[in-house]
Amino acid sequence: MAKNQKNPSICQFGVVRGVHAADDSGTRVIVSFSDEGSAQSAFTAFNGRRCSQLSDRFLHIRYSVPRPSSPVRDRDMVDVSLTADELNIPGLHLFMDFITPKEEEELLAAVDSRPWISLAKRRVQHYGYEFCYQTRNVDTKKFLGGLPSFVSPVLERISASSLDDAATINLDQLTVNEYPPGVGLSPHIDTNSAFEDKIFSLSLAGPCIMEFRRYQGGIWQSDPAMSKTVHEENTENSTNFLRRAIYLPPRSILLLSGEARYAWHHYIPHHKIDNVKDSLIRRASRRVSFTLRKRQDGKSIAVNDVLTSSGPRHTRARNIDASVKRERDAARLGKFVVDGASDDVSVPFNDEPDHGRASESEEMEEFEGNFDQSGGHDDTSGVVVGRRARDGRFVASDTGSTTI
Ligand SMILES: O=C(O)CCC(=O)C(=O)O
Ligand SMILES: [Fe+2]
């Protein structure tokens, strides 16, 4: 903005560290000052005023300030892996481009032509068996019929894949989840007694990251002879856990089995933007996932399946028969033996976001939110919008300027 009589120059308010387009619309620009006072002065001078160089149109300005990084924020950061090898959780596999873009389109069209069930924050569809969110179990009385034909190509590909004994898995339950940007899933382990070992999750339409937590004290043993006494503990309040995260691009399929399925809680952070290898990647206008599972046939017994009580943050362990469970699980799956913690105590499955610490991506989301308020939402899903500098500041991808 040139200096003239009507419009002062932005440079007169302080050191400008960068000016760059906020998006492709050509109507929004980000000006980065070296300090907040300068931004505040520029805001006061320009906001709501006409701009002669823009045909006397009004300027609408908002500004954001990076939060200082704190120990809490550092703790919140977790490196996001791009491959299962890098993530290094036994039993977890990620296959890129499992389906083609055309197949993805067809799957989305198929579910969009069918009725969605609206939960608090996201929409779902169930096929095969209905999943009950109160009990976190399938309702065996509600057999909805075989899986629909639109999912057959996916099932065939799973069977034909090199996955361990994939051909023998008769997947019979499908949950379709649709997540708007900013909506994730709380930490949980899919109920043991409801589903068999292998759980597949196909990502469509947009990316997200999935995080994993393994509470300390547990060791995964494939040798049943190494059985130990299992004590119960509510892991919900424990902060003593390992964390890992992996990036799930659209058209990839994730397989959780063994340790990954039983010993690690998985969840999707409630982010609009994910920090992946120091790139900030915007979530799409939606992410749709197909979670494919095999219902337990009732012969296997699992214990400590967690039921959600009336309060969202309370869990209740259903102790069926720990010794039977240990034997069966050991024989069938290997054993997750825990010193001082039960193996299947899950944080309740609910649809509400975690109201915990703000994550470093959420800081960026506040910034992002400011632009959303000023209108003109563009769906630049999966687009790298910038990167996170070591000192915690957001750096835009095109100019390298620090935004305010
Ligand atoms: O959306 C996903 O990929 C995961 C869904 C999930 O974890 C579940 O339905 O249990
Ligand atoms: Fe799950």
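Residues numbered from 1 in each chain as written. Chains lettered and ligands numbered in written order. Predicted model: local features only at pLDDT ≥ 70, side-chain atom pairs only at ≥ 80, totals over all residues. Heavy atoms only, no water.

In the annotation of an unreviewed UniProt entry, the entry for the chain reads Fe2OG dioxygenase domain-containing protein, and the organism field reads Chenopodium quinoa. Note on the chain: under the UniProt heading Sequence similarities (unreviewed entry), the record states "Belongs to the alkB family." (UniProt positions renumbered as here; feature names shortened; annotations may be inferred.)

Trainee: What exactly am I supposed to notice about helix H4 (residues 101-112) here?
Mentor: Note that an α-helix has 3.6 residues per turn; residues three or four places apart therefore point the same way. Between its first and last C-alpha atoms H4 spans 16 Å; for twelve residues at 1.5 Å apiece the expected length is 16 Å, and the two agree. Contacts from the buried residues of H4 go to strand E8 (123-127), helix H5 (152-160), strand E11 (173-179), strand E13 (199-204) and strand E21 (287-293). (Helix = DSSP H or I, 4+ residues; strand = E, 2+ residues; numbered from the N terminus. Expected span 1.5 Å × (residues − 1). Contact = heavy atoms within 4.5 Å.)

Trainee: Looking at this model, I keep getting lost on the packing of aromatic side chains. Mind explaining?
Mentor: Pairs of aromatic rings are described using the distance from one ring centre to the other and the angle between the two planes. A complete count under the given rule lists six aromatic pairs for this structure. When the centroid spacing of 5.7 Å and the interplanar angle of 70° are considered together, the rings of Phe13 and Phe46 count as edge-to-face. Placement of the pair is Phe13 in the segment before strand E1 (16-21) and Phe46 in helix H1 (residues 36-46), with a sequence separation of 33 residues. Under the relative-accessibility criterion, Phe13 is labelled buried at 17%. Arranged with centres 5.7 Å apart and planes meeting at 85°, the rings of Tyr127 and Phe150 form a pair that is edge-to-face. Note that Tyr127 is positioned in strand E8 and Phe150 in the loop between strand E10 (137-143) and H5, a separation of 23 residues in sequence. Residue Phe150 is classed as buried on the basis of its relative accessible area, which comes to 12%. (Phe/Tyr/Trp six-rings, centres within 6.5 Å; stacked < 30°, edge-to-face > 60°. Buried < 20%, exposed > 50% of the residue type's maximum accessible area, 1.4 Å probe, protein only.)

Trainee: Please clarify how the site of ligand 1 should be interpreted in this entry.
Mentor: Taken together, the neighbourhood of ligand 1 is formed by 13 residues, with Tyr179, Ser201, His266, Arg287 and Ser289 sitting nearest. Measuring from an oxygen atom of ligand 1, one finds a side-chain N or O atom of Ser201 at 2.6 Å. Ser289 places a side-chain nitrogen or oxygen 2.7 Å from an oxygen atom of ligand 1. Look at ligand 1: alone it shows 290 Å² of surface, and the protein chains cover 96% of it. (Near = heavy atom within 4 Å. Polar contact = N/O pair within 3.5 Å; in protein donor to acceptor, adjacent residues only side chain to side chain. Areas by Shrake-Rupley, 256 points an atom, 1.4 Å probe, with all protein chains shown as cover.)

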